[in-house]
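# Summary of the model geometry
Each chain, letter by letter, is given below.
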Amino acid sequence: MALQWRDTSERYGIVSRGLHWGMAVLLALQFLGMGLKLAVGRTPLTSFFVSNHAPLGVLLLVLCVLRIGWGLANARRRPRQRRDLLGRLALAGHGALYLLMLLVPTLALLRLYGSGRGFRPYGIELIAPSERKLEWTELPAELLHGELAWVMLALIAGHVAMALLHRFWWRDGVLARMWGGRARARRPAASADEMPA
Ligand code: HEM
Ligand code: HEM
C-alpha cells in the first residue's frame, strides 16, 4: 500500500501522526522531568531533565507551529468532528491544547529574554546575553508558566480518557484515525461524507 502522507477524511496521514505522537512523547518527557523535580528535588537524573527542559520546550514550540501550518494545509481533508455537542467539545478541547502548546513555552521564553542571561539551545544563539533586564517580561511566566502547563496536563488526561472511551466503550474508529491501520470498528467514526450538509 502506498504511504499516505497527507490526511484524508478517514484517517490522519504520516506527517500528522508523526507530529502528534512525536510531540506526545516529548511532552511526556517535559512533565516527567518537572514532576520528578517537584517530587524528589535535585538529583543527577532530575538535573538532566532540568537542563534539557528549555531546549526541549523550544523544540516543542517549533513543532507546534509546523503542526498548525500542516493542519491548516490539510484542514479540508482531515477527519471531521461530528456536529453535536461532543463533536464541538472535541474541537474546543483540541483548540485549547494548541493554545496552551503555544502559550506555555512562549511565556517562558519571554521571561528568559528579559533576564539578559541569553539562550543557546542546540548551539544556536537564539537570544544573545545582554546587560539590560526587563522586569515586566518575568511576571507572566512567574504567574502562569507552571500553572498553565499543569492545566495542559489535565486537558491531556481528559483527551486520553476520551480516546480510550472511543476505543473501548463506543468502539468506533476514532482512535484508529490517529493510530493503526484501517478501523476495524463495530461502528465507524463519522466521516466527512456521512455528515449532514
Ligand atoms: C511545551 C513546553 C513546556 C512545558 C510543557 C513546560 C512545563 C513545565 C512544568 C510542568 C513546570 C513545573 C512547574 C511547577 O514547578 O509547578 C515548568 C517549569 C519551568 N519551565 Fe517549563 N515547560 C515548557 C517549556 C519551557 C521553556 C521553553 C522554558 C525556557 C525558555 C521553560 C522554563 C521553565 C522554568 C525556568 C521552570 C521553573 C520555574 C517555573 O515554574 O516557572 N519551560 N515547565
Ligand atoms: C496516549 C496519548 C494520546 C492519545 C491516545 C491520543 C489520541 C488522539 C486521537 C485518537 C486523536 C484523533 C481524534 C479525532 O480524529 O477526532 C487525537 C487528536 C489530537 N490530539 Fe491526541 N492523543 C494523545 C496525546 C496527545 C497529546 C499529548 C496532545 C498534545 C497536547 C494531543 C493533542 C491532540 C490534538 C491537538 C489532536 C487534533 C488533531 C491534530 O491537530 O493533531 N494528543 N489524539
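Everything below is about the structure printed above this text.
Residues numbered from 1 in each chain as written. Chains lettered and ligands numbered in written order. Predicted model: local features only at pLDDT ≥ 70, side-chain atom pairs only at ≥ 80, totals over all residues. Heavy atoms only, no water.

## Looking at the packing of aromatic side chains
Scanning the entire structure with this criterion turns up three aromatic pairs. Ring geometry for Trp21 against Trp179: centres 5.2 Å apart, planes inclined by 80°, an arrangement best described as edge-to-face. Of this pair, Trp21 sits in helix α1 (residues 14-40) while Trp179 sits in the segment after α5 (174-178), and the two are 158 residues apart along the sequence. Overall, the relative accessible area of 55% leaves Trp179 in the exposed class. With centroids separated by 5.8 Å and ring planes inclined at 65°, the aromatic side chains of Phe48 and Phe49 adopt a geometry described as edge-to-face. Geometry around Tyr113 places Arg132 over its ring, the cationic atom sitting 4.7 Å from the centre. Above the ring of Phe168, the side-chain terminus of Arg167 is found at 5.1 Å from the ring centroid. (Phe/Tyr/Trp six-rings, centres within 6.5 Å; stacked < 30°, edge-to-face > 60°. Helix = DSSP H or I, 4+ residues; strand = E, 2+ residues; numbered from the N terminus. Buried < 20%, exposed > 50% of the residue type's maximum accessible area, 1.4 Å probe, protein only. Lys NZ or Arg CZ within 6 Å of the ring centre and 35° of its normal.)

## Some remarks on the coordination of the iron atom of ligand 1
Of the protein atoms, only His53 (NE2) and His145 (NE2) coordinate the iron atom of ligand 1, at distances of 1.9 to 2.0 Å. Here the iron atom of ligand 1 is ringed by six donor atoms whose angles at the metal span 87 to 179°, and the overall shape comes out octahedral. Separated by 92 residues along the polypeptide, His53 in helix α2 (residues 44-73) and His145 in helix α4 (residues 138-170) bring together distant segments of the chain. (Donors = N, O, S within 2.8 Å, 3.2 Å for Na, K, Ca; no water. Tetrahedral: all angles 85-135°; square planar, octahedral: opposite > 155°, others 65-115°.)

## Focus: the site of ligand 2
Near ligand 2 lie 20 residues; those nearest to it are His20, Gln81, Tyr98, His159 and Arg177. The side chain of Arg78 places a nitrogen or oxygen atom 3.1 Å from an oxygen atom of ligand 2. Gln81 places a polar side-chain atom, nitrogen or oxygen, 2.8 Å from an oxygen atom of ligand 2. Listing elements by their share of the shell around ligand 2, those giving two or more residues are α1, α3 (85-115), α4 and α5. Among the residues making up the shell around ligand 2, the classes are represented as 13 nonpolar, four polar and three charged. (Near = heavy atom within 4 Å. Polar contact = N/O pair within 3.5 Å; in protein donor to acceptor, adjacent residues only side chain to side chain. Nonpolar A, V, L, I, M, F, W, Y, C, P; charged D, E, K, R; others polar.)

## A closer look at the coordination of the iron atom of ligand 2
Geometrically, a metal with four donors at the corners of a regular tetrahedron has ideal angles of 109.5 degrees, and one with six donors at the corners of a regular octahedron has ideal angles of 90 or 180 degrees. For the iron atom of ligand 2, the full set of protein donor atoms is His20 (NE2) and His159 (NE2), at a range of 2.0 Å. Because the angles between the six donor atoms bound to the iron atom of ligand 2 fall within 87 to 179°, the donor set is best described as octahedral. A residue pair is termed long-range when its members are at least 10 positions apart, and His20 in helix α1 and His159 in helix α4 qualify at 139 residues. His159 sits in the partly exposed class, given a relative accessible area of 29%.

## Concerning the packing of α2 against α3
At a minimum axis separation of 9 Å, α2 and α3 run at an interaxial angle of 140°. Relative to α3, the element α2 lies oblique. Once α2 is placed against α3, the crossing between them reads as left-handed. Of α3, the residues touching α2 (which contributes Gly57, Val58, Leu61, Cys64, Val65, Arg67 and Ile68) are Tyr98, Met101, Leu102, Pro105, Thr106 and Leu109. Considering only residue class, the contact of α2 with α3 consists of ten nonpolar, two polar and one charged. (Axes fitted to C-alpha atoms, helices over the stretch in contact; angles between N-to-C directions. Parallel < 35°, antiparallel > 145°, perpendicular 65-115°, else oblique. Left-handed = near helix turned anticlockwise from the far one by under 90°. Contact = heavy atoms within 4.5 Å.)

## Topic: the site of ligand 1
In the region of ligand 1, 21 residues are neighbours, and His53, Ala108, Arg111, His145 and Trp150 sit closest. His53 places a polar side-chain atom, nitrogen or oxygen, 2.8 Å from a nitrogen atom of ligand 1. Trp150 is positioned such that a nitrogen or oxygen atom in its side chain is 2.8 Å from an oxygen atom of ligand 1. Listing elements by their share of the shell around ligand 1, those giving two or more residues are α1, α2, α3 and α4. In terms of residues, the shell around ligand 1 owes the most to one element, α3, which gives six residues. When its residues are assigned to classes, the shell around ligand 1 shows 15 nonpolar, five polar and one charged.

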